[in-house]
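Structure at a glance
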Amino acid sequence: MLVTLVGLAFLFGLMLKRIGLPPMVGFLLAGFVFNLSGFEAPDGLNMISQLGVTLLLFSIGLKLDFKSLTNNEIWGVSLAHITVSTLFFALVLWLGKTLFPTPIFDISPFVIVLLAFAFSFSSTVYAVKVLEDRDDMRAFYGKVAIGILVMQDIFAVIFLTVSEAKYPSIWALSLLLLPVIRKILFKLLDAAGHGELLVLSGLFFALGAGFEYFTSIGIKGDLGALVFGALLSSHPKAGDLSKSLFSFKELMLVGFFLSIGMQGLPTPPIIFVSLLLCALLPFKTFLYFSILEFFGLRARTSLFVSINLATYSEFALIVAALSVMKGWLPVDWLIIMAICVSVSFALAAPFSIKAEHIYKRYRAFWNVFQRANHHPRDQLIQTGDARVLIIGMGRVGCGTYDKLSSDFEQKIIGIEHNAQRVRQQREYGRNVVQGDATDSDFWSKLKAGTTLELIVLAMPNHRSNIYAAQQITASGLVCKVVAIAKYASEVQELKALGVPAFNIYSEAGSSLASHALDVLQDRTQP
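Residues numbered from 1 in each chain as written. Predicted model: local features only at pLDDT ≥ 70, side-chain atom pairs only at ≥ 80, totals over all residues. Heavy atoms only, no water.

Secondary structure summary: the protein contains 24 helices and six strands in total. Taken along the three principal axes of its C-alpha coordinates, the protein extends 90 × 55 × 45 Å. Once local pairs closer than 6 in sequence are excluded, the contacts in the protein between residues at least 24 apart make up 76%. Looking at the protein as shown, the accessible area adds up to about 24,900 Å², and 65% of this sits on carbon and sulfur atoms. Charge separation in the protein, taken as the distance between the mean sites of 42 positive and 37 negative side-chain charges, equals 3 Å. (Helix = DSSP H or I, 4+ residues; strand = E, 2+ residues; numbered from the N terminus. Contact = heavy atoms within 4.5 Å. Areas by Shrake-Rupley, 256 points an atom, 1.4 Å probe, with all protein chains shown as cover. Lys, Arg positive; Asp, Glu negative; His and termini not counted. Charge placed at Lys NZ, Arg CZ, Asp CG, Glu CD.)

Okay, here's the thing in structure tokens:
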């Protein structure tokens, strides 16, 4: 059975990827097909699913700044959306109970509010997967989306603690020792090196030190993985640790998406109710957009956050399972929740992929809701009289900046969407500003005829470089553009856009050979 399930996951994931949808939607379909075929879920699938979610939350923690949760656009939006959305879904479920007196809607007012609360949440797994695929975890809109999701996770932990009547033990006071624990974790991470011990250290911090420790003191284990990830977020090796766990986490998450589709077999009434609830997703999405606009975020930022949160959450499955176990809900609602979560992923995926296109095409409509004064952390950057822009200030971007700075009389600007990296580069004396080169508004502000002579696209994500190249062409900028690439196919894609590409792997080998010949020549000279 395991071979059959893996085969279905691969085939459906491949098919969905070929038509432009994320493979995870294919994994959901594979789970439904496997279930409809009459097979039972293999032993251990739920454990694999739990491992995937735990490692996902740990990865979020590695990129999380808890101070950001105190920002108005995080806690204010989270609280306002949950409140209004819960009231809305409660009204819808009450109308369903009134208009459709069927066994499915034979639920009490308390359970109506409970379900409405669950439907107000958005999927952490889906949003993080999309942000990782776009390399936007540290972009401003990405950090806002993650912050809202973390706040929702905190609300979920509080709810589950109260509903299950499982309160933290007296040992929860040991959390006051987290600053000391953090120092120990840093030393362990330093000693782990960069090989297989680094991967094992990540698994230990997430599953052992985080999940099991919090579970033992009466707190939801997933929150422990998130907290321990955040404790390590300022360590220099946090990025390497996240990368080392990436493939392992992705593989485990396949089990999560497969398990969603195996909750039960739907009947016509279940399908009807599920599709009715999925039809309400536009309201939930526009509610996010409206509240974000109220807090002063730009229309593009608000739209991108809203689209990434336009799903139902896996938390709804947990609430449904808990309610069924306590006898509050008929078991049909667990299947309804599974269908709603799955369909919401499938519906949101095309919009997530086409988010920039949707914004540009209907920009006039979105800007109607935009406030005159933008959020201070969501302003468009100004390039002034810069002659060179370097987009992406990682190792390649920094090396390019240092090499070109003297030739262009310091009229050079580095653009980076990672705020922490921006601060570090400024400390090194480089002129770096925070900005998103995949933001069409940024390029539309750069008119043809400026002082710009050269733009270097040094972002690690190839799709980001492709998109930026397209925006440069569309904006009419008259300057030279060059980009980095990792593979021959990427070089060809950039070449088709008229952008010369520097293959960092092949060129590194060529440069190393030149350096080796120089060293050899120096040694042979008398």
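Okay, the pairing of strand S5 (residues 480–485) next. Sheet analysis places strand S4 (residues 454–457) next to S5, joined by four bridges and oriented parallel. When the sheet's bridge partners are listed, Val456 is paired in S5 with Val482. In this view, the connection linking S4 to its parallel neighbour S5 by way of helix H22 (residues 462–475) has right-handed handedness. (Pairing = 2+ DSSP bridges. Right-handed = clockwise from strand over helix to strand, strands pointing away.)

Counting along an α-helix, one turn takes 3.6 residues, and residues three or four places apart therefore face a common direction. The end-to-end C-alpha separation of helix H9 (residues 196–216) is 28 Å, in line with the 30 Å expected for 21 residues at 1.5 Å each. Of all the residues in H9, the buried ones are Leu198, Ser201, Gly202, Leu203, Phe205, Ala206, Ala209, Gly210, Tyr213 and Phe214. Just past H9, the residue Gly218 takes up positive phi, approximately 85°. (Expected span 1.5 Å × (residues − 1). Buried < 20%, exposed > 50% of the residue type's maximum accessible area, 1.4 Å probe, protein only.)

Pairing is parallel across the open sheet formed by six strands, whose spatial order is S3-S2-S1-S4-S5-S6. The sheet is open, and its two borders are formed by strand S3 (432–434) and strand S6 (501–503), each paired with just one other strand. Mean inter-strand twist for the sheet, computed between neighbouring axes without regard to direction, equals 20°. By the bridge criterion, four bridges tie strand S1 (residues 388–391) to strand S2 (residues 412–416) in an arrangement that is parallel. Counterpart to Leu389 in the pairing with S2 is Ile413. Contacts between H22 and the sheet are confined to S4 and S5, with S4 contributing the most and set at about 160° to the helix. (Axes fitted to C-alpha atoms, helices over the stretch in contact; angles between N-to-C directions.)

Here we take up the packing of aromatic side chains. Aromatic ring pairs are reported here in terms of the distance separating the ring centres and the angle at which the planes meet. Counted by the stated rule, this structure contains 22 aromatic pairs. Ring centres of Phe100 and Phe105 lie 6.4 Å apart, and the angle between their planes is 25°; on these two criteria the pair is classed as stacked. You can call Phe100 partly exposed: its relative accessible area is 33%. Through a chain of ring-to-ring contacts, the aromatic side chains of Phe88, Phe89, Phe119, Phe283 and Tyr312 assemble into a single cluster. Sitting over the ring of Phe304, Arg300 keeps its end group 4.2 Å from the ring centre. (Phe/Tyr/Trp six-rings, centres within 6.5 Å; stacked < 30°, edge-to-face > 60°. Lys NZ or Arg CZ within 6 Å of the ring centre and 35° of its normal.)

For the pair helix H15 (residues 314–325) and helix H16 (residues 332–353), interaxial distance at closest approach is 9 Å and the crossing angle is 180°. Between H15 and H16, the interaxial angle falls into the category roughly antiparallel. On H16, the residues touching Glu314, Ala316, Leu317, Ala320 and Ala321 of H15 are Trp333, Leu334, Met337, Ala338, Val341 and Phe345. Considering only residue class, the contact of H15 with H16 consists of 10 nonpolar, no polar and one charged. (Parallel < 35°, antiparallel > 145°, perpendicular 65-115°, else oblique. Nonpolar A, V, L, I, M, F, W, Y, C, P; charged D, E, K, R; others polar.)

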